[in-house]
Amino acid sequence: MRLLVLGDSLTFHGPRGPLPADHPRLWPNVCASALGGHAELAAGFGWTARDAWWSLTGDPRVWSLLPRTDVLVLAVGHMDTLPSPLPTFLRQGLRYLRPDAVRRRARTAYRAAQPVLSRLLGGRPVALPPHLTVRYLDDSARAVRALEPGIRVVGMTPSVHRSPAYAGVHGGRAAAERAVRAWAAGADVPLLDVPALVGGHVRSRRGNPDGMHWGWEGHELVGNAMAELVRTVAVGHPTGSEP
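Computed from a prediction, not measured in an experiment: that's the story for all the values here.

A. Structural detail: the overall build of the protein chain. A count of helices and strands for the protein chain gives nine helices and five strands. Secondary structure elements of the protein chain, listed N to C terminal, follow the sequence β-α-β-α-α-β-α-α-α-β-α-β-α-α. Counting only C-alpha atoms, the protein chain reaches 60 × 35 × 35 Å along its principal axes. Across the 243 residues of the protein chain, 51% fall into the buried class. As displayed, the protein chain has an accessible area near 11,300 Å², and 58% of this comes from carbon and sulfur atoms. Taking the 28 positively charged and 19 negatively charged side chains of the protein chain as two groups, their mean positions are separated by 10 Å.

See below:
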């Protein structure tokens, strides 16, 4: 079984911080191991469904993996639901500020303001509105199926958090989950119910101290559950199969 996982930092962030994509205890590799297969990961910090779409359309390495992929895992949509008091282009643009001292001061100011504004605004606006999350998930699934009809697609419902960086506010998650579930039902994309698996893990603070990312318990739970989901939907991908 060959998996291609498009994800955010929940795919490669362990209990103490980010790790190489091939670390065996990260959930994509737990999943692949349970299936007796291999996982390839294309992911980044803060990736939303839009970033996954950009990866599919703009990363030649991802293109090269598609003919050898049995299952595409759309492991995005989690970060879409987070409070985003400043527009995404302004937040991401902080890295380009110069000189370095100005950039550091701007980041410090933003980090101080983010939890306050998240609480005042009730978690809105979010990083990516639900209708855009669904749009990019659908574009990704349709594009992959058009290029490689043998690939099966699975997804996830948005995770939960208790992150002090956002004052524990997550007001946009419920609407995002409703939208993703409605889309998935019509698009024939089975979903993994992530909050049901890691909700207790996150809320009891058994995961990463940042209140967002998972510890090894969470990765194990998600990896094994994803393997079970993949088993129910996966078929051999004809392209590249041995004669």
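Next, the rest of the story.
B. Seen up close, the pattern of salt bridges. The full count for this structure, using the stated rule, is ten salt bridges. Arg142 is paired through a salt bridge with Asp138; the nearest N and O atoms lie 2.7 Å apart. Placement of the pair is Arg142 and Asp138 together in helix H6 (residues 130-147), with a separation of four residues, close to one helical turn. Arg142 gets classed as exposed once you look at its relative accessible area, which sits at 57%. Glu228 serves as the salt-bridge partner of Arg231, at 2.4 Å between the closest nitrogen and oxygen. Pair noted here: Arg231 and Glu228 are both in helix H9 (residues 216-233), with a separation of three residues, about one helical turn. For Arg231, a relative accessible area of 44% corresponds to the partly exposed category.

C. Main features of the pairing of strand E3 (residues 71-75). With five of five residues buried, E3 lies mostly within the body of the structure. Across the two faces of E3 the burial is the same, with Val71, Val73 and Ala75 and Leu72 and Leu74 all buried. Examined bridge by bridge, strand E1 (residues 2-7) and E3 share five bridges and lie parallel to one another. Paired with Leu6 across the two strands is Leu74, which belongs to E3. Across four bridges, the pairing between E3 and strand E4 (residues 152-156) is parallel. Each bridged residue has a counterpart across the sheet, and for Leu74 the counterpart in E4 is Gly155.

D. Structural detail: the sheet that holds strand E2 (residues 38-43). Strand order across the open sheet formed by five strands is E2-E1-E3-E4-E5, with parallel pairing between neighbours. With one partner strand each, in any of the chains shown, E2 and strand E5 (191-192) form the two edges of the open sheet. Bridge count between E4 and E5: two bridges; the pairing is parallel. Across the sheet, residue Gly155 finds its bridge partner in E5, namely Leu191.

Conventions adopted
Residues numbered from 1 in each chain as written. Predicted model: local features only at pLDDT ≥ 70, side-chain atom pairs only at ≥ 80, totals over all residues. Heavy atoms only, no water. Helix = DSSP H or I, 4+ residues; strand = E, 2+ residues; numbered from the N terminus. Buried < 20%, exposed > 50% of the residue type's maximum accessible area, 1.4 Å probe, protein only. Areas by Shrake-Rupley, 256 points an atom, 1.4 Å probe, with all protein chains shown as cover. Lys, Arg positive; Asp, Glu negative; His and termini not counted. Charge placed at Lys NZ, Arg CZ, Asp CG, Glu CD. Salt bridge = Lys/Arg side-chain N within 4 Å of Asp/Glu carboxyl O. Pairing = 2+ DSSP bridges.

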